[in-house]
Amino acid sequence: MKLSDDFDDRNAGAPLLYMSVGVLLFAVTVVGAVVLMNRKPSGGQSVQNKTETAAAQAESKADVQEAVADDPYISGSTLRSDDLDFWHMYDETESVEAEEEKKKKEEEEEKEQDPSTDGKHTKLVAEDGTEEWVDINPYLTRNTYDYAGLVYQYPIMKYYEDSEKVSKVGIRISADDGDVNFGRLKKAGIDFAMIQIGSRGYGSGNLMADDMFYENVRKATEAEMDFGVVFFSQAITKEEALEEADRVIEGLQGFSVVYPVVFDMEYVKNDTARVQGLSRDAKTEVAAAFMDAIEQVGYKTMLYGDKEWLIRRVDLTKLIKYDIWFSQEADTPDYPYKFTMWEYTKNAKVDGIDEPAKLSVCFIDYASK
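Since the structure is predicted, the reported quantities are computational estimates derived from the model, not experimental observations.

Concerning the side chain of K283
Here is step 1: Along the polypeptide, K283 turns up in helix α8 (residues 280–296).
Here is step 2: Although K283 is buried, it forms no salt bridge, and the closest oppositely charged side chain is E308 at an N-O distance of 8.9 Å.
Here is step 3: With sequence-adjacent residues up to four places away left out, K283 is seen in contact with M265, Y267, V275, L278, W309, R313 and V314.

Written out as structure tokens, the structure reads:
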């Protein structure tokens, strides 16, 4: 039986459809197979590979250890390069140097803050023993003595510069010292005398001449010993200071005075002095009035005092043109400013005087000035 033309047209695409589906399934199958082939080995295969790898590494390590043991040039150490100190040596050196530098800087800063070593302070000791560090005035001239040049051959203190003795030794004399033999003093090494000429009463305010002044001047002159004079002042006004200066000038008539005329103002131990109530400026004005009057008639003048008096009780900035006689019983003086004489002891034993001797070293020769 013959089919119609319509039947042939409707069923002609079926074989083609089946063929396409078959090709698609084949392609999927091929792709799936490729994917399965490229996947990582299964767990069992991975374990096996790891086991084989570990065994190979162990065998290699054993071979290396055996080679090391047989090689005398290999230490056999298991240390790594990072474990060696060598690689950090420079870092540690730099660290030590930095630490030392820091410590040095801290010590220098501490030294600068220490008033005993900073060169900017000096210590004052009051009568009651109280200590105080005070600023050194940068506007006052500092002394330049090298105390290594001091030579103490008891009871004489000497000062040398470039191996040459440039000092003179003097003694302070008053009526309290009794009968003094100036010839024997000179043989004992005393070069000059500072003789008390008078004083003002610290309570009464009366002017008084020293009872032994003229006798001591006569003896010093006979012994050919140069001398200066000292006046103990208790003036509380400028007028009283001028009165004291006039009395000194009058008493020196006819004498050759080589060393200075000294202004000595002090408090009195265990009692109240007239000058105790004076202000610093008032004491400074009194001292300047006395010394100016003395200089006007041609004598050299000098201010006497201990460290506390010179720094605390008067204003040195207003007295800079006068020489200083510094009093301090010590091996070396610690007065920071310029001075020309130093009273280093008040209790020496010297041939020619029965009482304890008050000795001073003078750093310049007034006889040659």
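There's more to say after this.
Focus on the pairing of strand β13 (residues 341–348)
Here is step 1: Within β13, six of the eight residues are buried, which leaves it mostly tucked inside the rest of the structure.
Here is step 2: In this sheet, β13 lies alongside strand β12 (residues 323–327) in parallel orientation, the contact comprising three bridges. The residue of β13 that forms the bridge with S327 is E343.
Here is step 3: Across five bridges, the pairing between β13 and strand β14 (residues 357–362) is antiparallel.

Looking at the layout of surface pockets
Here is step 1: When its volume is computed, the largest pocket comes out at roughly 1,300 Å³.
Here is step 2: Together, 41 residues line the largest pocket, and E266, K269, Y304, D306 and K346 are the ones closest to its centre.
Here is step 3: Mapped onto the lining of the largest pocket, the elements with two or more residues apiece are β1 (121–125), β6 (168–173), β7 (192–200), β8 (207–209), β10 (261–265), β11 (301–306), α9 (307–313) and β13.
Here is step 4: With four residues, the single largest contributor to the lining of the largest pocket is α9.
Here is step 5: Its residues assigned to classes, the lining of the largest pocket shows 14 nonpolar, seven polar and 20 charged.
Here is step 6: The computed volume of the second largest pocket comes to approximately 280 Å³.
Here is step 7: Taken together, 15 residues make up the lining of the second largest pocket; nearest its centre are T141, I320, Y322, I324 and K338.
Here is step 8: Taken together, the residues that form the lining of the second largest pocket break down as ten nonpolar, two polar and three charged.

Basis of the calculations
- Residues numbered from 1 in each chain as written.
- Predicted model: local features only at pLDDT ≥ 70, side-chain atom pairs only at ≥ 80, totals over all residues.
- Heavy atoms only, no water.
- Helix = DSSP H or I, 4+ residues; strand = E, 2+ residues; numbered from the N terminus.
- Buried < 20%, exposed > 50% of the residue type's maximum accessible area, 1.4 Å probe, protein only.
- Lys, Arg positive; Asp, Glu negative; His and termini not counted.
- Salt bridge = Lys/Arg side-chain N within 4 Å of Asp/Glu carboxyl O.
- Contact = heavy atoms within 4.5 Å.
- Pairing = 2+ DSSP bridges.
- 1 Å grid on protein atoms, 1.4 Å probe; cavity = no way out; pocket = protein on both sides within 12 Å on 5 of 7 lines; lining within 4 Å.
- Points joined across faces, edges and corners; volume = space filled by probe spheres on them.
- Nonpolar A, V, L, I, M, F, W, Y, C, P; charged D, E, K, R; others polar.

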